[in-house]
Amino acid sequence: GWAVGNNGKIYHWDGSAGTGEPIAYADGAPVTESLLAVGIGPGGNVLAAGDFGVLFRLHDSVWSSIPTLTEETLLDIVTQNDGRTWIVGTAGTLLESVDGFTWVPVDVDTNEALFTSAFSNGTQWVFGTNGAAYRMDNQEHARAGTFISSVQDVGAIPSWETIRWEGGAIGGSTACIQFATSD
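Residues numbered from 1 in each chain as written. Predicted model: local features only at pLDDT ≥ 70, side-chain atom pairs only at ≥ 80, totals over all residues. Heavy atoms only, no water.

A. A look at unusual backbone geometry. One non-glycine residue, L69, lies in the positive phi region at around 65°. Judged by relative accessible area, L69 falls into the exposed class, the value being 77%. Its identity as a non-glycine residue notwithstanding, D109 has a phi of 60°, on the positive side. Note on placement: D109 falls in the loop between β11 (104-105) and β12 (114-120). (Buried < 20%, exposed > 50% of the residue type's maximum accessible area, 1.4 Å probe, protein only. Helix = DSSP H or I, 4+ residues; strand = E, 2+ residues; numbered from the N terminus.)

Here it is in structure tokens:
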């Protein structure tokens, strides 16, 4: 597994041993930004993102910086089974990529932070500040509802569209919400 931290630090656990190392830019300058999200992108390449829109990709054991065209803080990375990858962040930032190199901004019509994203039956859900929930349909996001508290992280969403999240402070509560469909 992978974990990220302050000053460009990336940790890797291979099942028997762990390593932690700071990464550097191509010119050798150390990464000083905090990395806040890590995920597996298209082609199984590891992606790490964080403060000021920084994004790094691990390919053939080499980390490289990938332009995102944003300076917002990037908070979560999610890849769908078809390889489409989404990164969410502050100020309504939502980026989409099909190759892990080219990132396209997607308009969510909010300036609030987007904390996480998840998929259910091919539909993307994005969750943000003040409990905002957005459902992606036909490449557009529509606010689908508001939860009582902000959704900080979601797990897998099964076909019954159950959404599980942990919110609040460290050691916060776990809740489960189920969306009913009209059929």
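Still more to cover.
B. Layout of the nonpolar core. Among the nonpolar cores identified, the biggest contains twelve residues, and these are V78, W86, V88, L94, V106, V108, L114, F119, V126, A132, Y134 and M136. Of all the secondary structure elements, the ones that give two or more residues to this core are β9 (85-89), β12 and β14 (132-137). In terms of residues, this core owes the most to one element, β14, which gives three residues. Beyond its immediate stretch of four places on either side in the chain, V88 contacts T73, L74, L75, D76, T93, L94, L114, F115, T116, S117 and V126. (Core = buried A, V, L, I, M, F, W, Y, C linked by side-chain atoms within 4.5 Å. Contact = heavy atoms within 4.5 Å.)

C. The pairing of strand β6 (residues 55-59), seen in detail. The element β6 is largely enclosed, with a buried count of four among its five residues. When strand β5 (residues 46-50) meets β6, the two strands line up antiparallel, connected through four bridges. Each bridged residue has a counterpart across the sheet, and for L47 the counterpart in β6 is R57. The loop that links β5 with its antiparallel partner β6 comprises four residues; one of these, F52, has a positive phi angle of about 60°. Where β6 and strand β7 (residues 62-65) come together, four bridges link them in antiparallel fashion. (Pairing = 2+ DSSP bridges.)

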